[in-house]
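So the chains spell out like this:
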Amino acid sequence: MILPYDDTYFMKKALQEAEAAFEKGEVPIGAVIVVQDRIIARAHNLTEQLNDVTAHAEMQAITAAANYLGGKYLQNCTLYVTLEPCQMCAGALNWSQISRIVYAAVDPQGGCGVMGTKLHPKTEILGGILENEASALLKRFFIERRNLN
């Protein structure tokens, strides 16, 4: 069976969200949640704008998707996120029972080590989709930020 969209297509949509975060001066991390080849949630980091350390892209996307679906569980959904989730986001993803997580770049400092993190037993994980693009955007953000200070 050939699907009309693939992981690269949806990760590009998450990268568009990361670009939106970049333009707002937020750490450029973006996320989309997909069910049946339809994006039901789009989000990016809003920690600076909302003055809220929990306003990560994943957390914003989880809330939007749950609202869209009318329930707290994200079964049969896939999260596409441009950076490996942190421990806080991984915990929320565990409780949401999301079916699949696809991330772009590994976060050796702040990431949860997704493969070793407790997630719902049925959650599938795939990493490295458009990793170079996501990493380049993050590097550009932090280089520009250092040059401003």
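Residues numbered from 1 in each chain as written. Predicted model: local features only at pLDDT ≥ 70, side-chain atom pairs only at ≥ 80, totals over all residues. Heavy atoms only, no water.

To continue, consider the nonpolar core. In terms of nonpolar packing, the biggest core is built from 36 residues, with Met 11, Ile 33, Leu 79 and Tyr 80 touching the most fellow members. Each residue touching Ile 33, except ones within four places of it in the same chain, is listed here: Arg 38, Ile 39, Ile 40, Ala 41, Ala 61, Ile 62, Ala 65, Leu 74, Cys 77, Thr 78 and Leu 79. (Core = buried A, V, L, I, M, F, W, Y, C linked by side-chain atoms within 4.5 Å. Buried < 20%, exposed > 50% of the residue type's maximum accessible area, 1.4 Å probe, protein only. Contact = heavy atoms within 4.5 Å.)

In this structure the tally under the stated criterion is 4 aromatic pairs. Judged by centre distance (5.1 Å) and plane angle (80 degrees), the ring pair of Tyr 9 and Phe 10 falls under edge-to-face. The exposure class assigned to Tyr 9 is partly exposed, which follows from its relative accessible area of 31%. Residue placement shows Arg 140 over the ring face of Phe 22; its charged tip is 4.4 Å from the ring centre. (Phe/Tyr/Trp six-rings, centres within 6.5 Å; stacked < 30°, edge-to-face > 60°. Lys NZ or Arg CZ within 6 Å of the ring centre and 35° of its normal.)

If you trace the 5 strands from one edge of the open sheet to the other, you get β2-β1-β3-β4-β5, paired in mixed fashion. At either end of the open sheet lies a strand with only one pairing partner, and these are β2 (38-44) and β5 (124-127). For this sheet the average axis-to-axis angle between neighbouring strands, irrespective of direction, equals 15 degrees. In the packing of helix α3 (residues 57-69) onto the sheet, contacts are made with β1 (30-35), β2 and β3 (77-83), and the angle to β2 comes to roughly 145 degrees. Lying on the sheet, helix α5 (residues 131-148) is in contact with β3 and β4 (100-105); it crosses β4 at an angle near 60 degrees. (Pairing = 2+ DSSP bridges. Helix = DSSP H or I, 4+ residues; strand = E, 2+ residues; numbered from the N terminus. Axes fitted to C-alpha atoms, helices over the stretch in contact; angles between N-to-C directions.)

With the exception of glycine, the majority of residues adopt a negative phi angle, and the majority of peptide bonds are in the trans configuration. Its identity as a non-glycine residue notwithstanding, Gln 36 has a phi of 50 degrees, on the positive side. In this fold, Gln 36 is placed in the loop between β1 and β2. A positive phi angle is found at Asn 76, which is not glycine, with a value near 70 degrees. Within the secondary structure layout, Asn 76 lies in the loop between α3 and β3. For Asn 76, a relative accessible area of 63% puts it in the exposed group.

This part covers the pairing of β3. Taken across its 7 residues, β3 has 7 buried, putting it largely inside the fold. The sheet contact formed by β1 and β3 spans 5 bridges and is antiparallel. Bridge pairing in β3 links Ala 31 to Val 81. As judged from the 5 bridges shared by β3 and β4, these two strands associate in the parallel manner. Considered in β4, the bridge of Val 81 is made with Tyr 103. The β-α-β motif built from β3, the intervening helix α4 (residues 87-96) and the parallel element β4 has right-handed crossover chirality. (Right-handed = clockwise from strand over helix to strand, strands pointing away.)

Moving on, we get to the UniProt feature "binding site: Zn(2+)" (unreviewed entry) in the chain. Mapped onto the present numbering, the UniProt feature "binding site: Zn(2+)" (unreviewed entry) falls on His 56, Cys 86 and Cys 89. The greatest C-alpha distance among the residues just named is 9.2 Å, despite their covering 34 residues of sequence, which places them together in space. Mapped onto the elements, His 56 comes out in the loop between α2 (47-50) and α3. Turning to its location among the elements, Cys 89 is positioned in helix α4. Residue class for Cys 89 comes out buried when judged on its relative accessible area of 0%. Those residues in contact with Cys 89, other than ones at most four positions away along the chain, are His 56, Glu 58 and Met 59. (UniProt positions renumbered as here; feature names shortened; annotations may be inferred.)

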